[in-house]
Amino acid sequence: MAYKWTDDLLTGNIQIDTEHKELIKAINDLLEACSKGKGRAELEKTVKFLSSYTRTHFGHEEVLQKKYNYPDYNNHKKYHQHFIDTVDNVQKKLLAEGPSIVLVGEINSKVANWIISHIKREDVKVAAHIRNNSK
């Protein structure tokens with residue numbers, strides 16, 4: 001089942017929202033490939049993208065948090081590092097064991113669900129803080 005971009009995922013920051021949409025698109029592309037029996041082939045591409053793009057995206061978020069003195073910056077940075085570690089572990093499994101349906105499931109359960117809940121729970125607070133402090 002594909003993830004749908006909904007208004008409750010909007011942070012109000014154009015750069016962050018655009019990057020979030022790219023992350024969700026990558027997950028959806030993997031799920032679409034799976035539905036066509038091509039998930040294993042798409043898995044390596046998706047994991048490489050997530051590994052690289054999340055580092056870039058988190059860097060952008062963290063720059064904004066520092067710029068606007070986000071009070072929960074240290075915890076937010078720890079959430080980001082935990083996610084990077086999760087993706088790195090998936091990537092290590094992929095290299096060691098090769099693509100599998102189990103890894104596709106791991107991307108879906110650990111990675112995609114984390115992204116959605118993180119946006120809804122944490123990133124909206126960051127965006128609200130930036131809006132309130134940029135007036």
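Residues numbered from 1 in each chain as written. Predicted model: local features only at pLDDT ≥ 70, side-chain atom pairs only at ≥ 80, totals over all residues. Heavy atoms only, no water.

**Concerning the overall build of the protein chain**
Using the following cut-off: Numbering of helices and strands starts at the N terminus; helices are DSSP runs of H or I of at least 4 residues and strands are runs of E of at least 2. Radius of gyration here uses only the C-alpha atoms, and the compact-globule reference equals 2.2 Å multiplied by the residue count raised to the power 0.38. Burial classes follow relative accessibility: with a 1.4 Å probe on protein chains only, a residue under 20% of its type's maximum area counts as buried, one over 50% as exposed, and anything between as partly exposed. We call two residues in contact whenever any of their non-hydrogen atoms come within 4.5 Å of each other. With residues, only the protein chains shown are counted as cover, and all accessible areas are computed by Shrake-Rupley using a 1.4 Å probe.
Broken down by element type, the protein chain carries four helices and zero strands. Reading the secondary structure of the protein chain in the N-to-C direction produces α-α-α-α. A compact globule built from 135 residues should have a C-alpha radius of gyration of about 14 Å, and the protein chain, at 15 Å, falls within 12% of that. Dimensions of the protein chain, computed from C-alpha atoms along their principal axes, come out at roughly 50 × 30 × 20 Å. Residue burial in the protein chain is summarised as follows: out of 135 residues, 46% are buried. A fraction of 74% describes how many contacts in the protein chain between residues 6 or more apart in sequence connect residues 24 or more apart. Here the protein chain has roughly 7,600 Å² of accessible surface; of this, 54% comes from carbon and sulfur atoms.

**So, the UniProt feature "domain: Hemerythrin-like" (unreviewed entry) in the protein chain**
Definition in use: UniProt positions are given in the numbering used here, feature names are shortened, and annotations may be inferred rather than shown by experiment.
Sequence positions flagged by UniProt for "domain: Hemerythrin-like" (unreviewed entry) are, in local numbering, residues 15–126. Across residues 15–126, the secondary structure splits into 90% helix and 0% strand, with the terminal C-alpha atoms separated by 13 Å.

**Concerning the nonpolar core**
The test is simple: In plain words, nonpolar cores are sets of buried Ala, Val, Leu, Ile, Met, Phe, Trp, Tyr and Cys residues tied together by side-chain atoms within 4.5 Å.
Counting 26 residues, the largest nonpolar core has Ile 27, Leu 43, Ile 107, Val 111 and Ile 115 as its most contacted members. Of all the elements in the fold, those that place two or more residues in this core are helix H1 (14–35), helix H2 (39–67), helix H3 (73–97) and helix H4 (101–133). Here this core gets nine residues from one element, more than from any other, and that element is H4. Of all hydrophobic cores here, the second largest spans six residues; its members include Leu 64, Tyr 68, Tyr 70 and Ile 130.

**Thoughts on H4**
Formally: Take the residue count of a helix, subtract one, and multiply by 1.5 Å to get its expected span. One axis is fitted to the seven residues ending at the residue and one to the seven starting there. The bend at that residue is the angle between these axes.
Its 33 residues give H4 an end-to-end C-alpha distance of 45 Å, which sits within 8% of 48 Å, the value for a rise of 1.5 Å per residue. The largest bend in H4 is about 45°, located at Ile 119.

**Concerning the packing of aromatic side chains**
Convention followed: Each aromatic pair joins two rings of Phe, Tyr and Trp (for Trp, the six-membered one) with centres within 6.5 Å, and gets the label stacked for planes under 30 degrees apart, edge-to-face for over 60, and tilted for any other angle.
Evaluated as defined, the whole model comprises four aromatic pairs. Between Phe 49 and Tyr 53 the ring centres are 4.8 Å apart and the planes differ by 15°, which places this aromatic pair in the stacked class. Here the residue Phe 49 and the residue Tyr 53 both occupy positions in helix H2, the gap between them amounting to four residues, near one helical turn. On the basis of relative accessibility, which here comes to 27%, the residue Phe 49 falls in the partly exposed class. Ring plane angle 65° and centroid distance 6.1 Å describe the contact between Phe 58 and Trp 114, whose orientation is recorded as edge-to-face. Linking Phe 58 in helix H2 with Trp 114 in helix H4, this pair joins segments that are 56 residues apart in sequence. Neither residue differs from the other here; Phe 58 and Trp 114 are each classed as buried. Each member of the aromatic cluster is reached from another via a ring pair, and the members are Phe 58, Phe 83 and Trp 114.

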